[in-house]
Amino acid sequence: MKPTLLHPTYFGSIAQFVAIVQAETLIFEDCDNYQKQTYRNRTYIYGANGKLLLTIPIKHSGKDNRQLYKDVRIENAFQWQLLHWKSIETAYRTSPFFEFYEDEFIHLFEKKREFLLDFNYECLQVISDCLQQDNIYSKTTSYKKDVEDYHDMRILATAKKEAPMKPENYIQVFSDKYGFIPNLSILDLLFNEGTNTITYLENQSIF
């Protein structure tokens, strides 16, 4: 089976984690140019008023604001960590598994980080620990333009092109108000489904 090629993202979507959990061999693209409006620095959770976007502010630099993903720095002049954690806590405090997992996440928002890519890998590790899954992966050393030998799933990081998946419904905190919202951040699935998260991911199909 071909290795699965993905972008590291900020608490990636459920589709992203379907690809991660189902991959036999996992490779993350570290050598591409940073692109705006992607899940590299944003994620969607289910808030009290519906779908809520959380965005990590970044420092733009370079010609035409072009820079490598691995060189992108987080803009820490704003208290985005406090805002994100409060938003997550407000959204999921009453979910079945928030209290079970919250200590695993809170430290991510208590200290400033410099590079976006490094922070996204840190978030990935926390999710892997919660899922009790050893995600063994490698990182690219050059940009993968020719992907014939890969199962290229990098499109899952593009916010404008949602994966055409039809996931099974699960109970969400505010689903009685706004119904089921699919393919949110992995946080939504984890806090609502807890130990059933891996089984859910294993049983979904992206395309």
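First, a word on what this report is: a plain description of the structure on this page.

### As for the overall build of the chain
Of regular secondary structure, the chain possesses 7 helices and 8 strands. With respect to the principal axes defined by its C-alpha atoms, the chain has extents near 45 × 45 × 30 Å. Expressed as a percentage of its 207 residues, the buried residues of the chain come to 53%. Restricting to contacts in the chain with at least 6 residues of sequence separation, those with at least 24 account for 70%. Surface summary for the chain: the accessible area is close to 10700 Å², and the carbon and sulfur share equals 47%. Between the centroid of the 23 positive side chains of the chain and the centroid of its 28 negative side chains there is a distance of 10 Å.

### What about the sheet that holds strand β8 (residues 151-152)?
Judged by pairing direction, the sheet is parallel, and its 4 strands sit side by side in the order β7-β2-β1-β8 without closing on themselves. Each edge of the open sheet carries a strand with a single partner, namely β7 (137-139) and β8. Contacts between helix α1 (residues 14-22) and the sheet are confined to β1 (4-6) and β2 (26-28), with β1 contributing the most and set at about 145 degrees to the helix.

### Quick look at the nonpolar core
Of all hydrophobic cores here, the largest spans 61 residues; its most connected members are F11, I88, F105, I127 and L201. Those elements that provide at least two residues to this core are α1, β2, β3 (42-47), α2 (80-92), α3 (98-105), α4 (116-130), α6 (186-193) and α7 (197-202). Among the elements that line this core, the one with the most residues is α4, at 9 residues. When residues no more than four places from it in sequence are discounted, the contact partners of I88 are I45, L54, R93, F98, F109, L187 and F191.

### Examining the environment of S185
Position of S185 among the secondary structure elements: in the loop between α5 (175-178) and α6. The exposure class assigned to S185 is buried, which follows from its relative accessible area of 1%. Separated by 174 residues in the primary sequence, S185 and F11 place their C-alpha atoms 5.9 Å from one another. At 3.1 Å, the side chain of S185 forms a polar contact with the backbone oxygen of F11.

Rules of the game
Residues numbered from 1 in each chain as written. Predicted model: local features only at pLDDT ≥ 70, side-chain atom pairs only at ≥ 80, totals over all residues. Heavy atoms only, no water. Helix = DSSP H or I, 4+ residues; strand = E, 2+ residues; numbered from the N terminus. Buried < 20%, exposed > 50% of the residue type's maximum accessible area, 1.4 Å probe, protein only. Contact = heavy atoms within 4.5 Å. Areas by Shrake-Rupley, 256 points an atom, 1.4 Å probe, with all protein chains shown as cover. Lys, Arg positive; Asp, Glu negative; His and termini not counted. Charge placed at Lys NZ, Arg CZ, Asp CG, Glu CD. Pairing = 2+ DSSP bridges. Axes fitted to C-alpha atoms, helices over the stretch in contact; angles between N-to-C directions. Core = buried A, V, L, I, M, F, W, Y, C linked by side-chain atoms within 4.5 Å. Polar contact = N/O pair within 3.5 Å; in protein donor to acceptor, adjacent residues only side chain to side chain.

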